[in-house]
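A look at the structure
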Amino acid sequence: FYQAIDIDGIRKTVMRGASNPSALLVGPGVNGFQPDMKRLPYDVRAVQRLMTEAGYGSGFEITLNCPSDRYVNDALICQAVAANLARIQVKVRVQAEPKASYFPKVLRRDTSFYLLGWTPATYDAYNAMNALMACVDGKGAGQYNLGSYCNPRVDELTRRVLTEQDKDRRNAMIREAFQLHAADVGHIPLHQQALAWGVSTKASVVQLADNAMPFKWMSISP
């Protein structure tokens, strides 16, 4: 699925250029972001070979649960993903619904395929690691890991990152965890969305990694 999704096509046609394709579950500006990590290449032929090797050469059907009012162009993104997967004979039924009913559904794990966005309000990768990548323990870890991805080594690193005080050692642990998660294809990363604001050309603003725009970094030129 990862290599069947044309993320650059989604950026151009759905997001109209206002997104940054990502290989991670955190974006630039968050401690632990790895700028050198790259997405798996979009390659339909390679995907078709993988599908055949897995015994699904003729495809199958699946439902994609999606919010319709939570993220920028969320339902349109899901429709684009469905169109991409149709090229490898996977028939995707997009079930888009308001966030009021969507989130209770997916948090019950009543889903096999879903769209989720995440912003670490702490500006640190541990937040995403613990919520999205950690094994589900029923005590808070992996609360939004709705596909129940679990790698014991990633779990160990996540716990150590919480208490490690040496910055270099801590960042090395974060990097290893992201590398393991990427190798496992624990999730399919899509992009970091940008917020579209209509402002005068005289206005200068700074949008942070959590989509906030502090007034202290706004200026108006004469």
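Predicted model, so just to flag it, every value in this text is computed and none were measured. (Residues numbered from 1 in each chain as written. Predicted model: local features only at pLDDT ≥ 70, side-chain atom pairs only at ≥ 80, totals over all residues. Heavy atoms only, no water.)

**Side note on the packing of aromatic side chains**
We describe a pair of aromatic rings using the distance from one ring centre to the other and the angle between the two ring planes. As a reminder of what qualifies: Between rings of Phe, Tyr and Trp, where Trp is taken as its six-membered ring, a pair exists when centres lie within 6.5 Å; planes separated by under 30 degrees are stacked, by over 60 edge-to-face, and by other angles tilted. Type-normalised accessible area, obtained with a 1.4 Å probe on protein chains alone, sets the label of each residue: buried when under 20%, exposed when over 50%, and partly exposed for intermediate values.
Throughout the structure, instances matching the rule amount to 5 aromatic pairs. Ring plane angle 80° and centroid distance 5.0 Å describe the contact between Tyr102 and Phe103, whose orientation is recorded as edge-to-face. For the pair formed by Tyr102 and Phe103, the shared burial category is buried. Members of the aromatic cluster, each reached through a chain of ring pairs, are Phe1, Tyr56, Phe60 and Phe113.

**Topic: the pairing of strand 3 (residues 90-97)**
Filter applied, for reference: One bridge is not enough; two strands pair if DSSP finds at least two bridges between them. Helix and strand labels come from DSSP, where a helix needs a run of H or I of at least four residues and a strand needs a run of E of at least two; each type is numbered from the N terminus. Whether a crossover is right-handed comes down to one check: with the strands pointing away from the viewer, does the path from the first strand over the helix to the second run clockwise; if it does, it is right-handed.
Across 8 bridges, strand 2 (residues 60-67) lies against strand 3 in parallel orientation. Following the sheet pairing, Thr63 is matched in strand 3 by Arg93. Crossover handedness for the path strand 2 to helix 3 (residues 74-86) to strand 3: right-handed.

**Looking at the environment of Val26**
Note the threshold: Only heavy atoms matter for contacts: two residues are in contact if any of them lie within 4.5 Å across the pair.
Turning to its location among the elements, Val26 is positioned in the loop between strand 1 (19-21) and helix 2 (44-53). On the basis of relative accessible area, Val26 is assigned to the buried category, the value being 3%. The spacing of Val26 and Ile188 is 162 residues in sequence and 12 Å in space, taken between C-alpha atoms. With residues near it in sequence (within four places) discarded, Val26 still touches Phe33, Pro120, Ala125, Ala128 and Phe178.

**A closer look at the nonpolar core**
Our working definition: Throughout this description, the term nonpolar core refers to a set of buried Ala, Val, Leu, Ile, Met, Phe, Trp, Tyr and Cys residues connected via side-chain atoms within 4.5 Å.
Counting 30 residues, the largest nonpolar core has Ile10, Val81, Leu85, Ile88, Val90, Val92 and Leu115 as its most contacted members. Residue contacts for Val90: discarding those within four places in its chain leaves Phe1, Met51, Phe60, Ile62 and Leu85. If you look at the next biggest cluster of nonpolar residues, it comprises 21 residues, including Leu24, Val30, Ala125 and Met129.

**Observations regarding the state of the cysteines**
Selection rule: Disulfides are defined as pairs of cysteine sulfur atoms found within 2.5 Å of each other.
One pass over the full model with this rule turns up 2 disulfides. Between the sulfur atoms of Cys66 and its disulfide partner Cys78 the distance amounts to 2.3 Å. One disulfide, between Cys66 and Cys78, carries an S-S torsion of 95° and so falls in the right-handed class. One end of the pair, Cys66, is in strand 2; the other, Cys78, is in helix 3, and 12 residues separate them in sequence.

**Side note on unusual backbone geometry**
For Arg16, which is not glycine, the phi dihedral falls at a positive 50°. Structurally, the position occupied by Arg16 is in the loop between helix 1 (7-14) and strand 1. We classify Arg16 as exposed; its relative accessible area is 73%. For Val185, which is not a glycine, the phi torsion comes out positive at approximately 50°. On the secondary structure map, Val185 appears in the loop between helix 7 (167-184) and strand 4 (191-193). Exposure remark for Val185: the relative accessible area of 37% places this residue in the partly exposed category.

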